[in-house]
Amino acid sequence: MSSDLYSALTAASTGLRAQTVRIRLAAENVANANSTSDTPGGDPYQRRMPVFREMVDRETGTTGVQVVRTAQDQSDFPIEYDPTHPAADENGYVKLPNVQTLIEMADIREAQRTYEANLNIIEGSRAMINRALDLLRNS
C-alpha cells in the first residue's frame, strides 16, 4: 500500500512541475502580448506553448507527465495599419504578436486548477502515510 501512495506522490509532483511551466509560459505570453519587433517589418513576439509527454518511472512504474520542450505557435501574426509605428513595414503595416490575452488567462486558470488538484493529491497521500505511521506506532 505504501508504494501506491509514493507512486501517487511521484505522479502528482510531475503534474506540479508541468503546470508550473505551463503557467510561466502563459504569463510570459501575456507580458509580451503588446510587444512588437525592434526592426521595421520584423516579426514580433511569438506565442510559446509547453509540449507535454507521458513519462514512466522505471523503478516504480509510476506514470507522470513532463514538459519536453516549448513550441512556438505558428499561427499568423495579426497586422495593423500604423505608418507612424517604428516597427511598420514599407506599406505602413505593423505585425502584432499572435497572443490572445483571453486565451492565455483561461489557460492560466486551467493550469492553476490542475496544479491545485495535484497539490490536493499530495496532501491526501501525505495524510494517509502519516496516519498509517501513527497506527504502526500505537500498535
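All residue numbers refer to position in the chain's written sequence, counted from 1. At least 70 in pLDDT is required for a residue's local features to be given in this predicted model, at least 80 for side-chain atom pairs to be given and counted, and no such filter applies to totals for whole chains, interfaces and linings, which use all residues. Hydrogens and waters are ignored; side-chain quantities use all the structure's heavy atoms.

Draft legend 1. Spatial organisation of the overall build of the protein. A tally of helices and strands in the protein yields two helices and four strands. For the protein, the N- to C-terminal ordering of α and β elements is α-β-β-β-β-α. Here the term buried applies to any residue with accessible area under 20% of the maximum for its type, exposed to any over 50%, and partly exposed to those in between, with areas from a 1.4 Å probe on protein chains only. Buried residues in the protein amount to 29% of all 139 residues. Whether two residues are in contact is decided by their heavy atoms, any of which lying within 4.5 Å being enough. Once local pairs closer than 6 in sequence are excluded, the contacts in the protein between residues at least 24 apart make up 60%. Surface exposure here means Shrake-Rupley accessible area, sampled with a 1.4 Å probe, where a residue is shielded only by the protein chains that are shown. Accessible surface, the protein as shown: approximately 9,200 Å² in total, 51% of it carbon and sulfur. Once the 14 positive and 19 negative side-chain charges of the protein are each reduced to a mean point, those two points are 10 Å apart. Helix and strand labels come from DSSP, where a helix needs a run of H or I of at least four residues and a strand needs a run of E of at least two; each type is numbered from the N terminus. Working convention for charge: Lys and Arg count positive, Asp and Glu count negative, and His plus the chain ends are omitted. Think of each charge as sitting on NZ of Lys, CZ of Arg, CG of Asp or CD of Glu.

Draft legend 2. Representation of a nonpolar patch on the surface in the model. The patches described consist of residues with a relative accessible area above 30% and no salt bridge, like charges being joined within 9 Å and nonpolar side chains (Val, Leu, Ile, Met, Phe, Trp, Tyr) within 5 Å. Throughout this description, the term salt bridge denotes a Lys or Arg side-chain nitrogen within 4 Å of a carboxyl oxygen of Asp or Glu. A cluster of nonpolar residues, Ile-79, Tyr-81 and Tyr-93, forms a patch on the protein surface that exposes about 340 Å² of accessible area. Here Ile-79 shows up in strand β3 (residues 79-81).

Draft legend 3. Layout of the pattern of salt bridges. According to the stated counting rule, one finds eight salt bridges in the structure shown. In this structure, a network of salt bridges that share partners links the residues Arg-22, Asp-107 and Glu-110.

Draft legend 4. View of the packing of aromatic side chains. Two aromatic rings from Phe, Tyr or Trp, using only the six-membered ring of Trp, form a pair when their centres are within 6.5 Å; if the ring planes differ by under 30 degrees the pair is stacked, by over 60 it is edge-to-face, and anything between is tilted. Counted by the stated rule, this structure contains one aromatic pair. Between Tyr-81 and Tyr-93 the ring centres are 5.3 Å apart and the planes differ by 65°, which places this aromatic pair in the edge-to-face class. With Tyr-81 in strand β3 and Tyr-93 in strand β4 (residues 93-95), this pair connects stretches of sequence that are 12 residues apart. We classify Tyr-81 as exposed; its relative accessible area is 53%. Using a relative accessible area of 36% as the deciding quantity, one classes Tyr-93 as partly exposed.

Draft legend 5. Layout of the nonpolar core. By size, the foremost hydrophobic cluster in this structure holds six residues: Leu-5, Leu-9, Ala-12, Leu-16, Ile-122 and Ile-129. If we ignore the near neighbours within four places in the chain, the residues touching Leu-16 are Tyr-115, Asn-118, Leu-119 and Ile-122. The set of buried Ala, Val, Leu, Ile, Met, Phe, Trp, Tyr and Cys residues whose side-chain atoms join them within 4.5 Å is what this entry labels a nonpolar core.

Draft legend 6. Broad picture of the environment of Ala-87. Within the secondary structure, Ala-87 is located in the loop between β3 and β4. Taking relative accessible area as the criterion, Ala-87 reaches 3% and is therefore assigned buried. Along the backbone, Ala-87 and Thr-36 are 51 residues apart, and their C-alpha atoms lie at a distance of 6.7 Å. In this structure Ala-87 touches Thr-36, Ser-37, Thr-39, Pro-40, Gly-41, Tyr-93 and Val-94, once residues within four positions along its chain are discounted.

Draft legend 7. A look at the side chain of Arg-22. Secondary-structure assignment places Arg-22 in helix α1 (residues 2-31). Polar contact is defined as a pair of N or O atoms within 3.5 Å, subject to the rule that within protein one atom must be able to donate a hydrogen and the other to accept it, and that residues adjacent in sequence are counted only when both atoms are side-chain atoms. One polar contact links Arg-22 to Glu-110, side chain to side chain, over a distance of 3.4 Å. When neighbours within four sequence positions are excluded, Arg-22 is seen to be in contact with Pro-50, Phe-52, Asp-107, Glu-110, Ala-111 and Thr-114.

Draft legend 8. Broad picture of helix α2 (residues 101-138). With 38 residues, α2 ought to run about 56 Å at 1.5 Å a step, and its terminal C-alpha atoms sit 55 Å apart, in line with that. Three or more residues of α2 are buried, namely Glu-104, Asp-107, Ile-108, Ala-111, Asn-118, Ile-122, Ser-125 and Ile-129. Each helix should span, by expectation, one fewer than its residue count multiplied by 1.5 Å.

Draft legend 9. A look at the pairing of strand β2 (residues 63-72). Pairing between strand β1 (residues 48-56) and β2: nine bridges, direction antiparallel. In the strand pairing of β2, Arg-53 is matched with Gln-66. Should DSSP find at least two bridges between two strands, the strands are taken to pair. In sequence, β1 turns back onto β2 through a hairpin of six residues, with Gly-61 there showing a positive phi of about 75°.

So far we have only geometry, and geometry alone does not tell us how the molecule works.
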